[in-house]
Amino acid sequence: MNWLLLMIFLPFIFAIIVPALYKIFNPRIHTGWFVLVVPTVIFIYLLSVVPSIYNMENILVTVPWIPSYDLNFTAYIDGLSLVFGLLIAGIGALVILYSIYYMSKLKEALHNFYVYLLLFMGAMLGLVFSDNIIILYVFWELTSISSFLLIAYWYQRKASRYGAQKSLLITVFGGLAMLAGFIMLSMMADTYSIREIWQSRMEIVSNPLFVPSMILILLGAFTKSAQFPFSIWLPDAMEAPTPISAYLHSATMVKAGIYLVARFTPVFGGSMEWFWIITIIGVTTLIYGSLTAVKQVDLKALLAYSTISQLGLIMSLLGLGSAAMYFEVGSEAEVFALAILTAIFHLINHSTFKGSLFMVVGIIDHETGTRDIRKLGGLISLMPISFTLALIGSFSMAGLPPFNGFLSKEMFFTSFLKVTQHGQFGISNIGTLLLIIIWIASVFTFIYSMILVFKTFLGKHQPEKLDKVVHEAPIGMLISPIVLASLVVIIFIFPNELLTYIMQPALIGVLPHLEGGIEGLYIKAWHGWNTELYMTIGVAVLGTLLYKTYKKWSRLFYLYPNAITLNNIYNASLVKAESTSKKITDRYMTGLIRDYLVYIMFAFIVLVGGTAWLLNGISFDMSNDAPISIYEGVLLFGIIISTLLILFTNSRLTAVIGVGALGYIVSLLFVVFRAPDLALTQLVVETVTAALFLLCFYHLPELRKQKSKVRHNTTNWIISIGVGVTVTIVALAANGNRLFEPISNYFENAYELAGAKNIVNAILVDFRGVDTLLEILVLCIAGLGVYTLVKLNLERRDRDETK
């Protein structure tokens, strides 16, 4: 197997053996030590391909999956997917190391935890490395399912179940919309390959499905990356254990939507719709997240809203930068390309400082027993290392030097200033307004960053409000956030190495026509007294002032009516949807089998009969029919008598005898048609069926009259006659229509094709072997279900269920 494919499937393979490792070694060895090998190996492999990607030697591997439908598993590494792959594996390794000290091997179901985590990791890797949009969608939904399991890991808690359900409903809704967009895209481009879709860009842009497919794909991206107004699932997802929050919400799941927008920029970029939708949604999410984060009193909730804000920042940059596709190469294209590059840079920086902050908050919760800011304070002397890590992460998030967030925040201001001055797509008309909004959002980002670090670690210590005696976390739990905090500083000192080997190749992955990236670009901390620096100074000054006077103006947040918040609208819509669905369902779900049969038969008449009529399929051709012999006429008469007997009898026993007689007569027809093997098979089936019917009906209670909302007699007559006429027409019309090539040559050449002398065996085993296999599978599943029910009944027979 190719190394790339092995790396993608390694998490899935390892997930299979995790339960066995847990059973053998727990509690002597923490299961996380075994799992840690997986992301470490993947990370090392991805580091080894950095030189190849830097030299523009992208990696492509194709494995046929369903070739007849053009579905192949094509794995592709370019600069963009490499960035995400490194984050998924690198942050994943640190999170697993952190979890070894965070998750108790005595109290937690670690086998479940790591299986879910590995499934999610594999799904994310498959998502970013897939070149086929259908395969990408499969992995996309797998991330939704595995994240649902991770968020609901502590399923005993109501809040965990609520958060998991909310995230699943919103992200799966977006995923289905995205699938519809992918299907439209494949119809326009006549391919499922992302790279080939890029090449069909000109044909796609002029297609009427261009805008609908764009909006549907963006719905998927916005729901997954928690963009306004779909962001409400993210704060509730914080009920997951902190290692999960650090992994899903700093570097992976929420970045999947970012990846999707970046990946499809070569297709939709350069259009006004793509530019404005993403930019406006991104800026709205940025200001909404930063404002809402300030009023949070739970540290994880604060980080959740700060993540929403930062994702909005990155998304707005991708929207602005997409206009680079409008131009070819040159200075104008590079003006917008800088925004894309800044988005990639901040994506990396956000993963480092936010991952570190999540872990620090987890440590605080672990060591103090609370995340409530009102109960915390004065921890600086008790947890000095945690304080230092929180300080680095928060200051970087606020955009202060000497941390990597300062560099990307300055470039963020630069990108907005340059793009709004350029005036493409009329942005200069509202350029000043956009600049004011992002600057205000940056001020509030500064405020919640200060709240996070200073409200927690400075001030008066309140041990009476805490459940634990506070002390610093064990060194094992601190290693991962120390590594991430170190990267925050290292990237600030050496940003251009990252720019050269990682960011420029990633930029080319988003904008393939810029084959050389942005030439002459050099990132430096000091760039003189310019507008960007003045904006940053203004953010720090006004942010400090507002932080100091927070108590005086924070009450303004509570003036907003709680009834019209997004969460309340979501909850009210769920309640309304459930009550409406119940009313509708109660009208036709009567609980009576007879009514359900009416629905099924009615649908059969409409669908089958209607299709035959609309498609002119009702035509009869009797010219090739053989004459009916006296024997066949007698048997037909017997069939009619048996059928009438079943219809008009009031006795179950007589009805069973009638059904059996009908089957035996059919077997006699096979004898007349010189098919003894079919006749024998039919005899056996009828005998067993009749015996089982008799056995079942013997134990059933007497039939009773059922009151139904469906009008019985008239309806039953109409349905019965309708089904009979439809089946008769279809049977007669089947002889008069030929839509496909006959398959009789298979039967005539059964011996040459399958080496079979028995045609029935050849059909079952060779010509429709897959059908037979699946039928056996269904029977096995049904058998296991019956066995389980019988066993449960036997075990609980003597148990008092009321106790």
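Residues numbered from 1 in each chain as written. Predicted model: local features only at pLDDT ≥ 70, side-chain atom pairs only at ≥ 80, totals over all residues. Heavy atoms only, no water.

**What about the overall build of the protein chain?**
Here is the rule: By the criteria applied, helices consist of DSSP H or I runs no shorter than four residues and strands consist of E runs no shorter than two, each listed in order from the N terminus. For the exposure calls, accessible area comes from a 1.4 Å probe over protein chains only, and a residue counts as buried if that area is under 20% of its type's maximum, exposed if over 50%, partly exposed in between. All accessibility values rest on the Shrake-Rupley procedure with a 1.4 Å probe; residue burial counts only the protein chains present in the view. In this count, Lys and Arg are taken as positive residues and Asp and Glu as negative ones, while His and the chain termini are left out. One atom stands in for each charge, and that atom is NZ of Lys, CZ of Arg, CG of Asp or CD of Glu.
Counting its secondary structure elements, the protein chain contains 35 helices and 2 strands. Along the first, second and third principal axes, the C-alpha set of the protein chain runs to 105 × 70 × 50 Å. Out of the 803 residues in the protein chain, the part that is buried amounts to 49%. Carbon and sulfur atoms make up 68% of the accessible area of the protein chain, which amounts to about 39,600 Å² in all. Where the 50 positive side-chain charges of the protein chain centre and where its 46 negative ones centre are 16 Å apart.

**Regarding the UniProt feature "domain: MrpA C-terminal/MbhE" (unreviewed entry) in the protein chain**
What counts is decided by this rule: UniProt positions are given in the numbering used here, feature names are shortened, and annotations may be inferred rather than shown by experiment.
UniProt marks residues 715-791 with the feature "domain: MrpA C-terminal/MbhE" (unreviewed entry), using the numbering shown here. Within the segment residues 715-791, helix and strand shares are 81% and 0% respectively, and the terminal C-alpha atoms sit 42 Å apart.

**Brief notes about helix α23 (residues 495-510)**
Formally: The angle between axes fitted to the seven-residue stretch ending at a residue and the seven-residue stretch beginning at it gives the bend at that residue.
The largest bend in α23 is about 40°, located at Met 503, with the proline Pro 505 one to four residues further on. Burial of α23 is extensive: 13 of the 16 residues sit out of reach of the surface.

**Quick look at a nonpolar patch on the surface**
Quick reminder of the rule: Here the term patch refers to residues with relative accessible area over 30% and no salt bridge, with like charges joined within 9 Å and nonpolar side chains (Val, Leu, Ile, Met, Phe, Trp, Tyr) within 5 Å. Each salt bridge in this description consists of a side-chain nitrogen of Lys or Arg and a carboxyl oxygen of Asp or Glu lying within 4 Å of one another.
Residues Ile 385, Ile 475, Ile 479, Ile 482, Val 483, Leu 487, Ile 490, Ile 493 and Phe 494 make up a contiguous nonpolar surface patch of roughly 740 Å² in combined accessible area. Residue contributions to the nonpolar patch peak at 7 residues, all from helix α22 (residues 475-493). Here Ile 490 shows up in helix α22.

**Some remarks on the packing of aromatic side chains**
Aromatic rings in a pair are described by how distant their centres are and how their planes are angled relative to each other. Operational definition: By convention, a stacked pair of Phe, Tyr or Trp rings (six-membered ring in the case of Trp) has centres within 6.5 Å and planes under 30 degrees apart, an edge-to-face pair has planes over 60 apart, and any other such pair is tilted.
Summed over all chains, the structure comprises 34 aromatic pairs. Aromatic pair Trp 553 and Phe 557: ring centres 6.0 Å apart, planes at 55°, arrangement tilted. Of the two residues examined, Trp 553 and Phe 557, each falls in the buried class.

**Some remarks on the environment of Val 361**
Counted only if it meets this: Contact definition: two residues touch when any of their heavy atoms are within 4.5 Å.
As for its position among the elements, Val 361 is in helix α18 (residues 331-368). Overall, the relative accessible area of 2% leaves Val 361 in the buried class. Between the C-alpha atoms of Val 361 and Gly 257, which are 104 residues apart in sequence, the distance is 25 Å. Those residues within four positions of Val 361 in sequence are excluded, and the remaining contacts are Leu 299, Lys 300, Leu 303, Arg 371 and Leu 452.

**Focus: the pairing of strand β2 (residues 71-77)**
With respect to burial, β2 is a largely interior element, 7 of its 7 residues being buried. On β2, burial covers both faces: Leu 71, Phe 73, Ala 75 and Ile 77 on one face and Asn 72, Thr 74 and Tyr 76 on the other are all buried.

**Observations concerning the packing of helix α7 (residues 133-151) against helix α14 (residues 253-263)**
Stated formally: Each axis is a line fitted through C-alpha atoms, taken for helices only over the stretch in contact, and angles between the N-to-C directions span 0 to 180 degrees. To sort the angles, those under 35 degrees are grouped as roughly parallel, those over 145 as roughly antiparallel, those from 65 to 115 as roughly perpendicular, and the leftovers as oblique. Two helices cross in a left-handed way if the nearer one is turned anticlockwise from the farther one by less than a right angle. They cross in a right-handed way if the turn is clockwise.
Put simply, α7 and α14 touch, their axes get as near as 11 Å, and they point 160° apart. Between α7 and α14, the angle is such that the two are roughly antiparallel. At the point where α7 passes α14, the crossing takes the left-handed sense. Contacts between α7 and α14 involve Leu 136, Trp 140 and Ser 147 from the former and Met 253, Ala 256, Gly 257 and Leu 260 from the latter.

**Focus: unusual backbone geometry**
The peptide bond linking Asn 26 to Pro 27 adopts the cis configuration, its omega dihedral lying at 5°. Take Pro 27: it is sitting in the loop between α1 (3-25) and α2 (31-35). Phi is positive for Met 56, which is not a glycine, with a value near 65°. By the secondary structure assignment, Met 56 is in the loop between α4 (50-54) and β1 (59-66). Residue class for Met 56 comes out partly exposed when judged on its relative accessible area of 45%. One non-glycine residue, Ala 226, lies in the positive phi region at around 55°. Along the chain, the position of Ala 226 falls in the loop between α11 (210-224) and α12 (233-236). Overall, Ala 226 belongs to the buried group, its relative accessible area being 0%.

**A closer look at the pattern of salt bridges**
This structure, assessed with the given rule, holds 9 salt bridges. A salt bridge links Asp 372 to Arg 374; the shortest N-O distance between them is 2.9 Å. The shortest N-O distance in the salt bridge between Asp 586 and Lys 582 comes to 2.9 Å. Here Asp 586 and its partner Lys 582 are both found in helix α26 (residues 566-588), 4 residues apart, which amounts to about one turn of the helix. Since its relative accessible area comes to 38%, Asp 586 is described here as partly exposed. Look at the salt bridges and you will find they share partners, linking Asp 298, Asp 365 and Arg 371 into a network.

**Some words on the packing of α18 against helix α20 (residues 404-422)**
Put simply, the test is: Just so you know the grouping, Ala, Val, Leu, Ile, Met, Phe, Trp, Tyr, Cys and Pro go in nonpolar, Asp, Glu, Lys and Arg go in charged, and all remaining residues, Gly too, go in polar.
At their nearest, the axes of α18 and α20 sit 9 Å apart, and the two run at 155° to each other. Classed by the angle they form, the pair α18 and α20 counts as roughly antiparallel. Judged by the sense of rotation from one axis to the other, the crossing of α18 with α20 is left-handed. The residues of α20 that touch α18, namely those facing Glu 332, Val 335, Phe 336, Leu 338, Ala 339, Leu 341, Thr 342, Phe 345, His 346, Asn 349, Thr 352 and Phe 353, are Asn 404, Gly 405, Leu 407, Ser 408, Met 411, Phe 412, Thr 414, Ser 415, Lys 418, Val 419 and His 422. The class makeup of the residues in the contact of α18 with α20 is 11 nonpolar, 10 polar and 2 charged.

**A look at α11**
Here is the rule: The span expected for a helix works out to 1.5 Å for each residue beyond the first.
Over its 15 residues, α11 runs 22 Å from end to end, which matches the ideal 21 Å to within 8%, given 1.5 Å per residue. Of all the residues in α11, the buried ones are Phe 210, Ser 213, Met 214, Leu 216, Ile 217, Leu 218, Gly 220, Ala 221, Phe 222, Thr 223 and Lys 224. Immediately downstream of α11, the backbone of Ala 226 shows phi near 55°, a positive value.

**Considerations on the side chain of Thr 368**
Selection rule: Distance and chemistry together define a polar contact, namely a pair of N or O atoms within 3.5 Å, with one atom able to donate a hydrogen and the other to accept it when in protein, and with adjacent residues in sequence counting only for side-chain atoms on both sides.
Considering the arrangement of structural elements, one finds Thr 368 in helix α18. With relative accessibility at 0%, the residue Thr 368 sits in the buried group. A distance of 2.6 Å separates the side chain of Thr 368 from the backbone oxygen of Ile 364, its partner in a polar contact. Within the local environment of Thr 368, its side chain forms a polar contact with the backbone oxygen of Thr 370, the two atoms lying 3.1 Å apart. Among all residues touching Thr 368, those that are not within four sequence positions of it are Leu 376, Leu 379, Leu 466, Asp 467, Lys 468 and Val 470.

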